[in-house]
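Structural characterization, general
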Amino acid sequence: VYWEPKATCLTPTNVVLSNATSATVDMTWAAPSPAPALGYDIYYSTSNTPPTSTTVPNLIGITSNPYTVQGLNSATTYYIWIRSRCSAADQSLWSNITSFLTLCAPKTTLFEDFEAYNNGLITNAPCWGRLVTGSGSANINGIGAYSGTKHILQRPLNASSMAVLPELSNIGAGTHSLKFRAYCSAATGGVMKVGYVTNPTDIASFVLIQSLNITNTSYTGASEYIVEVPNTVPSTARLAIYTDTGNLIYYYDDISWAPTVSLGLNEISAKHDIVIYPNPFTDIITISGDVQLQSVVVYDLSGKMIKEFKGSEKTISLHSLISGVYMVKLNMKNGSSKTIKAIKK
């Protein structure tokens, strides 16, 4: 039995999220009685760790119900909580957790190593598509990746299989290339077809841009493939990787969509230096300079290693990092190294 002060600020209930777009979501809730004098606080995060009484809300003193949360990242799972604000010193407990996934939005750049997703269908990676005939497959696989621990295993199995890339707003600009690492299970080699689909739900709408003869049987050696995408590709099309050769298995990793000739502002002013751009960055960094990379290691300011990327790839996705300051160490094949401070917005 407890004898304690009556709560003056009660928690909202029945939180409902709806109408998610690539950057917004609508939320409604059942207001407590009496209603809080100073409205409501809203906290959202890409982590499902519940907020505490000392957590700083993203939004304070919201008085409208329903309310539209704005400024979100596309294709991202968010967790959201709400509390009542009776006064500056008196707030309720946070509500139960509610989550939602924002929709995909067209991208101008892309780098995907599939590390952030569960093994299984390639559609575990948001905004990717999968089209197959017969027993064909296109899956995220956790064995033998080029970098990290995951890559794509694509197998036509005497039929056909296709991975459809996320929507790109500049697909028909004629200025970008698709680059990736790949190999084939057969020593005699196989063929991967890079092109586009005019209908992302119809494998028959595929239009070939270039056929690639995959003769290597591992990621070692000459495993990098580059396809320049012409300006004749329709702006509404989606790039696709298509296989339909026998019972071969194709593996690929570290897919990037970037300018065919890429010179950042920092690179123009110091072509022979090693720089990271953009800096500050949002999701993707590019390493410029005439260097042969062995690995890239990301540390936080305490010196703790956060991520490591092995290989020579110079376009790296850091979308899983939270906003903050990081130290990026570049280890070169000649034994030298350089550490650069990078800021994530």
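Since the model is a prediction, treat every value here as computed from it, not as a measurement.

Right, let's talk about the overall build of the chain for a bit. Secondary structure assignment for the chain yields one helix and 27 strands. Relative to its full complement of 345 residues, the chain shows a buried share of 46%. Residue pairs in contact within the chain that sit at least 24 positions apart in sequence constitute 64% of those at least 6 positions apart. When the accessible area of the chain is evaluated, it comes to approximately 16,900 Å², of which 52% is carbon and sulfur surface. Positive and negative charge centroids in the chain, built from 22 and 21 side chains respectively, lie 3 Å apart.

Glancing now at the state of the cysteines. Taken as a whole and assessed by the stated rule, the structure comprises two disulfides. At a sulfur-sulfur separation of 2.2 Å, the disulfide partner of C9 is C86. Because the torsion about its S-S bond is 105°, the bridge between C9 and C86 counts as right-handed. Residue C9 is located in the segment before strand 1 (13–18), and its partner C86 is located in strand 6 (residues 77–87); the two are separated by 77 residues in the primary sequence. The disulfide partner of C104 is C127, and the gap between their sulfur atoms is 2.0 Å. An S-S torsion of about -105° defines the bridge between C104 and C127 as left-handed.

Moving on, we come to the sheet that holds strand 26 (residues 324–332). Pairing is antiparallel in the open sheet, where four strands are placed in the order 24-23-26-27. Two strands in the sheet have a free side with no partner beyond their single neighbour: strand 24 (305–310) and strand 27 (337–344). Across the sheet, the mean angle separating the axes of adjacent strands is 20° when strand polarity is ignored. Two elements, strand 23 (residues 293–299) and strand 26, share six bridges in a ladder whose sense is antiparallel. Pairing of Y299 across the sheet is with M327, part of strand 26.

The subject of this paragraph is the confidence of the model for the chain. Per-chain confidence: the chain averages 89 in pLDDT, with 95% of residues scoring 70 or above. For the stretch residues 261–272, pLDDT sits under 50, and the model shows twelve contacts to residues farther than four places along the chain or on other chains.

This paragraph deals with the side chain of K344. Structurally, K344 is set in strand 27. Here the side chain of K344 touches H319 through a polar contact of 3.0 Å, landing on its backbone oxygen.

Turning next to the nonpolar core. If you look at the biggest cluster of nonpolar residues, it comprises 35 residues, and the most contacted ones within it are F114, W128, F180, L239, Y252 and I255. Counting only elements with at least two residues in this core, the list comes to strand 12 (137–141), strand 15 (176–184), strand 16 (190–197), strand 17 (206–214), strand 18 (224–228), strand 19 (238–243) and strand 20 (250–259). If near-sequence neighbours (up to four positions away) are discounted, I255 is found in contact with L110, F111, E112, F114, W128, L165, L178, K179, F180 and I241. One finds I274, F309, L330 and A342 within the second-largest nonpolar core, a separate group that totals 19 residues.

Cut-offs and rules
- Residues numbered from 1 in each chain as written.
- Predicted model: local features only at pLDDT ≥ 70, side-chain atom pairs only at ≥ 80, totals over all residues.
- Heavy atoms only, no water.
- Helix = DSSP H or I, 4+ residues; strand = E, 2+ residues; numbered from the N terminus.
- Buried < 20%, exposed > 50% of the residue type's maximum accessible area, 1.4 Å probe, protein only.
- Contact = heavy atoms within 4.5 Å.
- Areas by Shrake-Rupley, 256 points an atom, 1.4 Å probe, with all protein chains shown as cover.
- Lys, Arg positive; Asp, Glu negative; His and termini not counted.
- Charge placed at Lys NZ, Arg CZ, Asp CG, Glu CD.
- Disulfide = S-S within 2.5 Å.
- Pairing = 2+ DSSP bridges.
- Axes fitted to C-alpha atoms, helices over the stretch in contact; angles between N-to-C directions.
- pLDDT = per-residue confidence, 0-100.
- Polar contact = N/O pair within 3.5 Å; in protein donor to acceptor, adjacent residues only side chain to side chain.
- Core = buried A, V, L, I, M, F, W, Y, C linked by side-chain atoms within 4.5 Å.

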